[in-house]
Every structure is written in structure tokens, then in C-alpha cells.
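Observations on the three-dimensional arrangement
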Amino acid sequence: QVQLVESGGGLVQPGGSLRLSCTASENIFSISPMGWYRQAPGKARALVAAITSGGSISYVPSVKGRFTISTDITKNMVYLQMNNLNPEDTAVYYCNSATESRRIKWGQGTQVTVSS
């Protein structure tokens, strides 16, 4: 089964940027479409960005224009470039299939904290 490992989180000031990476042990598009999720304290995990094997991309309104999802098929990687971060973006970020029926075991996630 595909295993997922997220990295790239950290502490950043409001207005700052981070690039998250998701490494898959196998072909990520076996569980396509791929998505980035986040879970803020006290809230449910929610999908924020998704990308299909054909390159179609979608974002939730709160991150559109600030976040960019991309993939490197050759490396089985999924990325989330996050710009103009604000405190509301503070959460643990995870990658997984954007389709519930294809979702696999969650990785450990990567913590993003936006604070001055």
C-alpha cells in the first residue's frame, strides 16, 4: 500500500511562505486525485487543495490565490506552496487522496504555525 510522508512545516510570521512536500512510497496517482488537507485545533480535517493526474486543480476559497498545489510524478511527490500565510492557516497539514474511496492510511502530517 502507498505510504505518505509529509514535511516542510514550521513556524512562520504572518505574510510568510512555506512549501510543503508529500513523499509517496509508490506511484501517487494510484490514489489520484491527490489532495492536501489540514486540521486546525478543535476542528475536523478538511481538504484545501486537489490535483488530478490530468492536471486539473481545485482549491477551497480561503486558500485560492495564496496556495499552489503541484506534483512531480517522476519523484512521486506532491507539493503545496503556501504564500501570504495568516494565523487562520495554522494547522497540521496532510496529503492523501482527494477521493474518499481511495484514501489510505494518514501520514503523521506536518505542523504549520503562523504567528508573530
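Attention here is on the structure that accompanies the text.

Cut-offs used in this document
- Residues numbered from 1 in each chain as written.
- Predicted model: local features only at pLDDT ≥ 70, side-chain atom pairs only at ≥ 80, totals over all residues.
- Heavy atoms only, no water.
- Pairing = 2+ DSSP bridges.
- Helix = DSSP H or I, 4+ residues; strand = E, 2+ residues; numbered from the N terminus.
- Axes fitted to C-alpha atoms, helices over the stretch in contact; angles between N-to-C directions.
- Buried < 20%, exposed > 50% of the residue type's maximum accessible area, 1.4 Å probe, protein only.

Read across the open sheet, the four strands follow the order β1-β3-β8-β7; overall the sheet is antiparallel. Both edges of this open sheet fall to β1 (4–7) and β7 (67–72), since each of them pairs with a single strand only. On average, adjacent strands in this sheet sit at an angle of 15° to one another, irrespective of strand direction. Two elements, β1 and strand β3 (residues 18–24), share four bridges in a ladder whose sense is antiparallel. By the bridge assignment for β3, E6 is matched with C22.

Another aspect to go through is the sheet that holds strand β6 (residues 57–59). The strands that make up a sheet are held in pairs by hydrogen bonds between backbone atoms, and each pair lies either parallel or antiparallel. Read across the sheet, six strands follow the order β2-β10-β9-β4-β5-β6 without closing on themselves; strand pairing throughout is mixed. At either end of the open sheet lies a strand with only one pairing partner, and these are β2 (10–12) and β6. Strand-to-strand twist in this sheet, taken as the mean axis angle between neighbours without regard to direction, amounts to 25°. Pairing analysis gives five bridges linking strand β4 (residues 34–39) to strand β5 (residues 46–51), with the strands arranged antiparallel. Within β5, the residue paired with W36 across the bridge is A49.

Before going further, it helps to spend a moment on the pairing of β4. For a regular strand, side-chain orientation follows a simple rule: the groups alternate between the two sheet faces. Burial analysis of β4 places five of its six residues in the buried class, the great majority of the element. Two successive antiparallel strands, β4 and β5, enclose a turn made up of six residues, where G42 displays a positive phi of approximately 80°. Here six bridges tie β4 to strand β9 (residues 91–97), and the two strands are oriented antiparallel to one another. Bridge pairing in β9 links G35 to N96.

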